[in-house]
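# Coordinates in review
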Amino acid sequence: MESLAQRAALLRESLHKSQQATDAVVSILGSFDSRLSALDSAMRPIQVRTHAVRTAHENIDRTLRSADVILTQFDRTREAEREIQKGPHENLQGFLDAVDRLRSIERFFSSNRSYRSSDGVLNHVNSLLSKALVKMEGEFQNQLSQRSKPMEPDRLFDCLPSTLRPSSESQPEGGKNPSSENQQSPEAAVYSPPALIEPKFVPLLSKLAQQLVQAGCQQQCSEIYSEARASALESSLKNLGVEKLSKDEVQKMPWEILESKIGNWIHFMRIAVKLLFAGERQLCDQVFECSQSLRDKCFAAITKNSLATLLSFGEAIAMSKRSPEKLFVLLDMYEIMCELQTEIDTIFVGESCSQMRDSALSLTKCLAQTAQKTFSDFEEAVEKDATKNIHTDGTVHPLTSYVINYVKFLFDYQSTLKQLFQEFKKEDGTGSELAAVTMKIMQALQNNLDAKAKQYKDPALMHIFLMNNIHYIVKSVRRSEAKDLLGDDWIQRHRRIVQQNANQYRRIAWSKVLQCLSGQGLTSSGGSGQVGSEGGNSSGASRAAVKERFRSFNVLFEEIYQKQCSWSVPDTELRESLRLAVAEILLPAYRSFIKRFGPLIENSKAPGKYIKHTPEQLELLLGNLFEGKQERA
């Protein structure tokens, strides 16, 4: 117990000491708290001053950075100002770069109006931009006037497909070219529009235009560009040969001159649309890349007068007095307008060009109507042709050759005529309308020839005339594309007409001569026992009657021979066939007559007075018929 008490006492003593230590520590910590509070109070002003200093430094840094940016803008402004003062002539690209910098500076200060210098700088920059704008307009005009040169004709011809380039011996003409039958179609031909302005200058013009447009100067820009390019375009067409003719001037021109001008017009239209107008559209698109409406507006302004000049000539032709010889040039004009219509619609795109597209389409339709009416007039003109100057030799009438050549030419325009008939809802695409019209023209010609044949007083010559003309028609048709359209039945029917007229000629022309060679009326039933033909006898034929027959034969033959040597059968094959047909009826009859009744004359005085020709001589004389010249038997 005593030991436990000692330990308890020691424990109480330890606890007492620990309490004393704890109290001492608490006392010390309490003094620290008051000291830290005092220190915090003392440090707070210092912390405030330090934060203020740090904020001031940050503000100074920001100010310095802003000042640096502003000073940089001032430097850029001074550099740009130097370029603006020098102008664009020496260094156009540098001038345009300076304008871009000024616009950038203007945007910077407009978005930082809080700077005290912003308003002053903006005023200065805007003043420089105004000066630059005036100089840009002048440079734009100067560049265009220098670069917009008229195109020389040779340069344009080089851009055409080789098959359409004019030869050195002749001026360019449109229409059908006989030597171009195997040439490529117009649709397949390749055209290369020329560079109207050297390509290296186009980007600079585009930048100038863009700057002017951005500055709100679309109107001035458009006027400057349109005036320069329109002048160059009109001069190019003038150099090519395009004339400004009034409709009255065109309609009063002699046909020979007008026909040549129409051929040139066709060539000019092709060059204008496919080369010049296409080139202008391409250039407009490049220069005014920044504005679709502006490029359409400028293109319309540039080409309006030139296109109107070309279309006006076409309209004058379409509205002129109709005549058959104009049909083919009308078809040529209609062809070129149809060929160009798609390109016109593509090139003259946009609302600004709508009237020009309509004018071109209107001309196409007007040409189609005039050609269709002229075509219809031709059939009537053929049937009513009242020319009285028939040839005395019965040869092919000029009307026949004219109509046949006309029809042949029509077949060079088969596709165009089908298109024309379709335009007026008369064609089903098979060519039936063209065949029907061709047959009508042929029938009208035949009706006219029948009427003209009646002017011949000699019926035999009338049939020679009809035979010549119908044969000419048949032969021409067989050698042309009309053969397939008119058909074999038509050809065979008209060949029979040729043969019928040949037979009628032979019957009418030689019937009296053949009657002279007939034994009818020369012999009697009693007979005199004189030897005649084929071992027979003349059956009592009167020598005087036989002499009279020979005399009549000689007179008639000489008369017919004289006439028919002056008659003409121009076709060699037909002429030989007709001579042979005459010989086949005349020579056997003549040989038979001489054999039967010749001995009566040969035994008389001066037999050569009556038997003037041997059959062989007669055959030679027949070989002179239908040569169209005078001969004596």
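Described below are features of the structure shown in this document. Note that the structure is a prediction, hence the values are computed from the model and not measured.

### Here we look at the packing of helix α11 (residues 354–384) against helix α14 (residues 432–453)
α14 packs onto α11 with a crossing angle of 20° between their chain directions and a minimal axis gap of 7 Å. When the axis of α11 is compared with that of α14, the two are roughly parallel. Every pair of crossing elements has a handedness; the one defined by α11 and α14 is left-handed. For the pair α11 and α14, contact is made by Phe375, Phe378, Glu379, Val382, Glu383 and Lys384 and by Leu434, Val437, Lys440, Ile441, Ala444, Leu445, Asn447 and Asn448, respectively. Considered class by class, the residues forming the contact of α11 with α14 number eight nonpolar, two polar and four charged.

### Focus: a negative patch on the surface
Side chains of Asp412, Glu481, Asp484, Asp488 and Asp489 sit close together on the surface and give a patch of like negative charge. Topologically, Asp489 is positioned in helix α17 (residues 488–516).

### Structural notes on the nonpolar core
Counting 177 residues, the largest nonpolar core has Phe140, Tyr225, Trp265, Phe277, Met337, Tyr505 and Trp510 as its most contacted members. The leading source of residues in this core is helix α8 (residues 255–287), at 17 residues. Setting aside chain neighbours within four positions, we find Phe140 in contact with Leu205, Leu208, Ala209, Leu212, Cys221, Ile224, Tyr225 and Phe288.

### Side note on the pattern of salt bridges
Proximity of charged atoms lets side chains of opposite charge pair with each other. As enumerated under the stated definition, the model contains 18 salt bridges in all. Of the charged contacts in the structure, one is a salt bridge between Glu243 and Lys261, with a shortest N-O distance of 2.5 Å. Of this pair, Glu243 sits in the loop between α6 (218–240) and α7 (247–252) while Lys261 is found in helix α8, placing the two residues 18 residues apart along the sequence. Residue Glu243 is classed as partly exposed on the basis of its relative accessible area, which comes to 40%.

### A few points about the environment of Asn501
Note that Asn501 resides in helix α17. It is 9.3 Å that separates the C-alpha atoms of Asn501 and Ile470, two residues lying 31 residues apart in sequence. If near-sequence neighbours (up to four positions away) are discounted, Asn501 is found in contact with His463, Leu466 and Met467. Reaching out from Asn501, the side chain makes a polar contact with the side chain of His463 at a distance of 3.0 Å.

### Brief notes about the layout of surface pockets
In this structure, the second largest pocket spans a volume of roughly 470 Å³. Forming the boundary of the second largest pocket are 18 residues, of which His471, Arg495, Val498, Glu573 and Leu574 lie nearest the centre. Taken together, the elements giving at least two residues each to the lining of the second largest pocket come down to α15 (459–478), α17 and α19 (572–602). The element that contributes the greatest number of residues to the lining of the second largest pocket is α17, accounting for seven residues. By residue class, the composition of the lining of the second largest pocket is eight nonpolar, four polar and six charged.

### Concerning the packing of aromatic side chains
Using the criterion set out here, one finds 19 aromatic pairs in the structure. Relative to Tyr590, the ring of Phe553 lies with its centre 4.9 Å away and its plane at 20°, an arrangement referred to as stacked. A residue pair is termed long-range when its members are at least 10 positions apart, and Phe553 in helix α18 (residues 543–566) and Tyr590 in helix α19 qualify at 37 residues. Each member of the pair, Phe553 as well as Tyr590, carries the same accessibility label: buried. Here the aromatic rings of Phe593 and Phe597 are separated by 4.9 Å at their centres, their planes lie at 45°, and the arrangement is tilted. In this pair, Phe593 and Phe597 both sit in helix α19, four residues apart, roughly one turn of the helix. Residue classification places Phe593 among the buried positions, given a relative accessible area of 2%. Residue class for Phe597 comes out buried when judged on its relative accessible area of 1%. Members of the aromatic cluster, joined through ring pairs, are Phe328, Phe378, Tyr402, Tyr406, Phe409 and Tyr413.

### Re the environment of Leu245
Tracing the backbone through its elements, the reader meets Leu245 in the loop between α6 and α7. Separated by 68 residues in the primary sequence, Leu245 and Phe313 place their C-alpha atoms 7.0 Å from one another. In contact with Leu245, not counting residues within four places along its chain, are Val250, Met253, Lys261, Ser312 and Phe313.

### A word on unusual backbone geometry
The backbone phi angle of Phe626 is positive, close to 65°, even though this residue is not glycine. For Phe626, a relative accessible area of 0% puts it in the buried group.

### As for empty space enclosed by the protein
According to the stated counting rule, one finds one cavity of 30 Å³ or more in the structure shown. As a volume, the largest cavity reaches approximately 30 Å³. Together, Ile404, Val407, Lys408, Met442, Ser476, Val477, Ser480 and Ala482 line the largest cavity. For the lining of the largest cavity, the secondary-structure elements that each account for two or more residues are α12 (398–410) and α15. When its residues are assigned to classes, the lining of the largest cavity shows five nonpolar, two polar and one charged.

Analysis parameters
Residues numbered from 1 in each chain as written. Predicted model: local features only at pLDDT ≥ 70, side-chain atom pairs only at ≥ 80, totals over all residues. Heavy atoms only, no water. Axes fitted to C-alpha atoms, helices over the stretch in contact; angles between N-to-C directions. Helix = DSSP H or I, 4+ residues; strand = E, 2+ residues; numbered from the N terminus. Parallel < 35°, antiparallel > 145°, perpendicular 65-115°, else oblique. Left-handed = near helix turned anticlockwise from the far one by under 90°. Contact = heavy atoms within 4.5 Å. Nonpolar A, V, L, I, M, F, W, Y, C, P; charged D, E, K, R; others polar. Patch = residues over 30% accessible without salt bridge, like charges linked within 9 Å, V, L, I, M, F, W, Y side chains within 5 Å. Areas by Shrake-Rupley, 256 points an atom, 1.4 Å probe, with all protein chains shown as cover. Salt bridge = Lys/Arg side-chain N within 4 Å of Asp/Glu carboxyl O. Lys, Arg positive; Asp, Glu negative; His and termini not counted. Charge placed at Lys NZ, Arg CZ, Asp CG, Glu CD. Core = buried A, V, L, I, M, F, W, Y, C linked by side-chain atoms within 4.5 Å. Buried < 20%, exposed > 50% of the residue type's maximum accessible area, 1.4 Å probe, protein only. Polar contact = N/O pair within 3.5 Å; in protein donor to acceptor, adjacent residues only side chain to side chain. 1 Å grid on protein atoms, 1.4 Å probe; cavity = no way out; pocket = protein on both sides within 12 Å on 5 of 7 lines; lining within 4 Å. Points joined across faces, edges and corners; volume = space filled by probe spheres on them. Phe/Tyr/Trp six-rings, centres within 6.5 Å; stacked < 30°, edge-to-face > 60°.

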